[in-house]
Structure formats: C-alpha cells, structure tokens
There are 2 protein chains.
Amino acid sequence: MLSGKFAITIHILTLLTKFPNDFLSSEFIAGSINLNPVLVRKEIANLKAHHIVESKEGKNGGTKLAKNPTDITLKEIFQMTFDTINLGYAKNQPHPDCPVGKKINENLSVLYADLNEKVSLELKNITLEDFSNHF
Amino acid sequence: MLSGKFAITIHILTLLTKFPNDFLSSEFIAGSINLNPVLVRKEIANLKAHHIVESKEGKNGGTKLAKNPTDITLKEIFQMTFDTINLGYAKNQPHPDCPVGKKINENLSVLYADLNEKVSLELKNITLEDFSNHF
DNA sequence: ACATTTGTAACATAATTTATTACAGTATGC
DNA sequence: GCATACTGTAATAAATTATGTTACAAATGT
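A brief structural summary.

Parameters at a glance
- Residues numbered from 1 in each chain as written.
- Chains lettered and ligands numbered in written order.
- Predicted model: local features only at pLDDT ≥ 70, side-chain atom pairs only at ≥ 80, totals over all residues.
- Heavy atoms only, no water.
- Pairing = 2+ DSSP bridges.
- Helix = DSSP H or I, 4+ residues; strand = E, 2+ residues; numbered from the N terminus.
- Contact = heavy atoms within 4.5 Å.
- Buried area = accessible area lost by both parts, 1.4 Å probe.
- Salt bridge = Lys/Arg side-chain N within 4 Å of Asp/Glu carboxyl O.
- Polar contact = N/O pair within 3.5 Å; in protein donor to acceptor, adjacent residues only side chain to side chain.
- Least-squares fit on C-alpha atoms with pLDDT ≥ 70 in both.
- Axes fitted to C-alpha atoms, helices over the stretch in contact; angles between N-to-C directions.
- Parallel < 35°, antiparallel > 145°, perpendicular 65-115°, else oblique.
- Nonpolar A, V, L, I, M, F, W, Y, C, P; charged D, E, K, R; others polar.
- Near = heavy atom within 4 Å.
- Expected span 1.5 Å × (residues − 1).
- Buried < 20%, exposed > 50% of the residue type's maximum accessible area, 1.4 Å probe, protein only.

1. Description of the pairing of strand E2 (residues 62-65) of chain B
Residues and elements named next belong to chain B.
Then, number 1: Pairing of strand E1 (residues 53-56) with E2, which is carried by 4 bridges, proceeds in the antiparallel orientation. When the sheet's bridge partners are listed, Lys56 is paired in E2 with Gly62.
Then, number 2: The hairpin turn running from E1 into E2, its antiparallel successor, is 5 residues long, and Gly58 in that turn takes a positive phi close to 80 degrees.

2. Details of the interface of chain B and chain A
Then, number 1: Taken together, the contact between chain B and chain A spans 48 residues of the former and 48 residues of the latter.
Then, number 2: Considering only the surface of chain B that becomes buried against chain A, B:Leu87, B:Val100 and B:Phe135 emerge as the three largest contributors, covering 17% of it.
Then, number 3: Linking chain B with chain A are 2 salt bridges.
Then, number 4: Put simply, A:Lys118 and B:Glu122 hold a salt bridge, and the shortest N to O gap is 3.8 Å.
Then, number 5: Between the two partners, chain B and chain A, sit 6 residue pairs in polar contact (both at pLDDT 80 or more).
Then, number 6: Those elements that provide at least two residues to the side of chain B that touches chain A are helix H1 (5-18), helix H2 (26-33), helix H4 (74-82) and helix H5 (99-124) of chain B.
Then, number 7: Looking at the side of chain B that touches chain A element by element, the count peaks at 15 residues for H5(B).

3. So, the relation of the copies chain B and chain A
Here the second copy of the chain follows from the first by a rotation about an axis and a shift along it.
Then, number 1: Superposition of chain B onto chain A requires a rotation of 180 degrees combined with a translation of 0.0 Å along the rotation axis, giving an RMSD of 0.0 Å. Taken together, the turn and the small shift mark the pair as related by a two-fold rotation axis.

4. Quick notes on the pattern of salt bridges
Then, number 1: Summed over the entire model, instances satisfying the criterion amount to 8 salt bridges over all chains.
Then, number 2: Because the salt bridges share partners, they merge into one network encompassing A:Asp114, A:Lys118 and B:Glu122.

5. What about the packing of H2(B) against helix H3 (residues 37-49) of chain B?
Residues and elements named next belong to chain B.
Then, number 1: In contact at an axis separation of 8 Å, H2 and H3 are set at 110 degrees when each is read in the N-to-C sense. Taken together, the axis directions place H2 and H3 in an arrangement best described as roughly perpendicular. Taken together, the residues of H3 that come into contact with H2 (itself represented by Ser26, Glu27, Ile29, Ala30 and Ile33) are Pro37, Val40, Arg41 and Ile44.
Then, number 2: Looking at the contact of H2 with H3 residue by residue, the classes come out as 6 nonpolar, 1 polar and 2 charged.

6. A short note on the protein's contact with DNA strand D
Then, number 1: Taken together, 28 residues lie near DNA strand D, and A:Ser26, A:Lys48, A:Asn92, B:Leu35 and B:Asn36 sit nearest.
Then, number 2: In DNA strand D, atoms within 4 Å of the protein come from the sugar-phosphate backbone in 66% of cases.
Then, number 3: Between DNA strand D and the protein, one listed contact pairs a base nitrogen with a side-chain N or O atom of A:Arg41 at 2.9 Å.
Then, number 4: Of all elements in the fold, only helix H3 (37-49) and strand E1 (53-56) of chain A together with H3 of chain B reach the threshold of two or more residues within the surface near DNA strand D.
Then, number 5: For the surface near DNA strand D, a count of residues per class yields 7 nonpolar, 12 polar and 9 charged.

7. Digging into helix H1 (residues 5-18) of chain A
Then, number 1: Here H1(A) is 14 residues long and its end C-alpha atoms lie 20 Å apart, about the 20 Å a rise of 1.5 Å per residue gives.
Then, number 2: Counting buried residues in H1(A) gives 13 out of 14 residues, a clear majority hidden from the surface.

8. So, the environment of B:Ala113
All names here are of chain B.
Then, number 1: As for its position among the elements, Ala113 is in helix H5.
Then, number 2: Since its relative accessible area comes to 47%, Ala113 is described here as partly exposed.
Then, number 3: With 80 residues separating them along the chain, Ala113 and Ile33 place their C-alpha atoms 31 Å apart.

9. Observations regarding the protein's contact with DNA strand C
Then, number 1: Lining the immediate environment of DNA strand C, one finds 28 residues, of which A:Ser3, A:Asn36, B:Ser26, B:Lys48 and B:Asn92 sit closest.
Then, number 2: Within 4 Å of the protein, atoms of DNA strand C come from sugar and phosphate in 69% of cases.
Then, number 3: Here a phosphate oxygen of DNA strand C sits 3.2 Å away from a polar atom, N or O, in the side chain of A:Asn36.
Then, number 4: In this structure, a base oxygen belonging to DNA strand C sits 3.0 Å away from a main-chain N or O atom of B:Lys59.
Then, number 5: For the surface near DNA strand C, the elements supplying multiple residues, two or more each, are H3 of chain A together with H3 and E1 of chain B.
Then, number 6: In terms of residue count, H3(B) provides more of the surface near DNA strand C than any other element does, 3 residues in total.
Then, number 7: Its residues assigned to classes, the surface near DNA strand C comprises 7 nonpolar, 12 polar and 9 charged.

Below you can see the structure in the form of structure tokens.
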C-alpha cells in the first residue's frame, strides 16, 4: 500500500474539482504531484472502484469527477486510502504466556478504534468542496 | 524512526506498571514483546530522556517507572513516539507552478493539525494506569 | 575478579514504498 | 483504416525505511 495514498488521492481529487469540465490525463495529474503516472492511475482505479470518478480510455481520454464535490467527504477518502488511524503495532507476535503480551494487541486495537472514531467524526464534516476552496 | 515505537513503548510501560517494585531488564521486556533487546533499550533511552523511567546499569540492573502511572497520559507517550497524526504526504515536491501543487502540503498540514488536536484531546484523558488496568 | 546488565555504534537484513518498463486494449480524428 | 494518445495492469527494479544483530565499553552487585 502506498503510504502517501491519502495525500495523492486528495491531490488528484482537488485537481479534478478545479477542472470540472475536463478529462484530465494521468500524465497531467502526475506532473502536478510529481509522481509516476502509473501510480496516479492506480489511485484512480481505487477511486473508480468507489464510483467517485469516471474515466475514459483512448485519445483525449482521462478522468473526471463522477459526483459533486459537495457530496464527497474526506471521511470517504480517508477510509478508502487509510482504513483506520493507528499508532502501530510491534512487528512480532508478543509472548502469549505474558499477561501483558497476551493482551497488548487487543488493547491497542480498542484504543485505535476509539481514535479512529474521533478522526472520522472530524473528517465527515469536511467535503472535497471545502478542501478545494483553500486553493 | 521505529514505526512500532508507540506500541513498543506502551508495552514497556505497561510491564513496568505491572511490576512496580522491580528493575526489569531489557532482555525480560524484549521477551514479552518478542523484540530485539537493543531496540527495547533504544525506546527506554527515549523514555529516560523524558524522565518517565529510570534505569540502573550493571548486575541486577534494569528499568523502573520514575513517575506514578496515574501521572502519565497516553498523550505524552504519543507525543514522544509519534509526533503528530498524519495521513501522509506524497513523497516528492509537488509542482510549484500548479495552484494545487503549490499549496497542497500546506493545506494537508492544516488538516492534520486539526486531527492531531482531536486525537490529543482523547489521549490526554487516558492515563497509563487506565490502560494497564485492562490487563 | 566475575557475572550481568545498560548504553551505543556500526553494520546487516528484511520489508515496504515508490519508480520504471512494457504492452495490450480503446477511443479519436484525420 | 491508420496513426496517435490515452487507460489499465502486470512484472520488475530501485530506493527507502524498519528491524535485527554483533560487538564492546562502562557500570554495578556479589
């Protein structure tokens, strides 16, 4: 998973919001992000799967929004690119006979779910339109 | 930076809370986390720098809490191991002549600062004592 | 003295992210 | 219908980051 996924996706969507009448090419978008066009297309594939954008193949093809930017919230974008906020887990399986090791991941999950809730509440109130208005 | 830093640090602190009278060795702690002892010592160095634990060198040495677990909040631990919540930035410098590229990172920063605020508020209300009580 | 432990540095390996290349498939306009 | 400019996707490579290991000096209890 691309770690800049959220940032890249929101960058793409902001561009599409700014040029609502054009099909933008992955090359053009990649130029603004300074990223390989293939990676842009991958994120667009994700956006398409969520019916947020539509794209046209062939000459003069490209991508445009499939929904009104007032109807897209940052929560959706967050969820499709990030899953959940989390402050990380230790890489290896902790020791199962230790009372702490046995339960640490479960307890961290509960904590992270709580944080996720708070972040989601916040992001739900920000639309793509709102975000794009700052440019 | 260790990406499991927060999880590892909170694991260490939970163990220290559970054994408040002992100096625990990095080897013992590493066993519970299933992590290399050197990495445990690195996180302990960070905790020491923040005066949350103290440690003793030499035989029978190890680490113990330097503060009461009711006086340590998850916010502090978060801050010393994570800095700020963030949903990522694209790796490369965006195109400076594009109105979106020019401002995207600034706008993302504002957004992330806001999320960070919400998360911090939540973590401020959870003490190490609270967290440890779930084990 | 000896055993055990911290503290660090240097280096090695593994995992993840990002970039590149390649090419089949599709629409457009001449 | 042919050249051109795109998307879509797979395979692979390079770069970056995270984790693990080894090594050893310094400290301390017995």
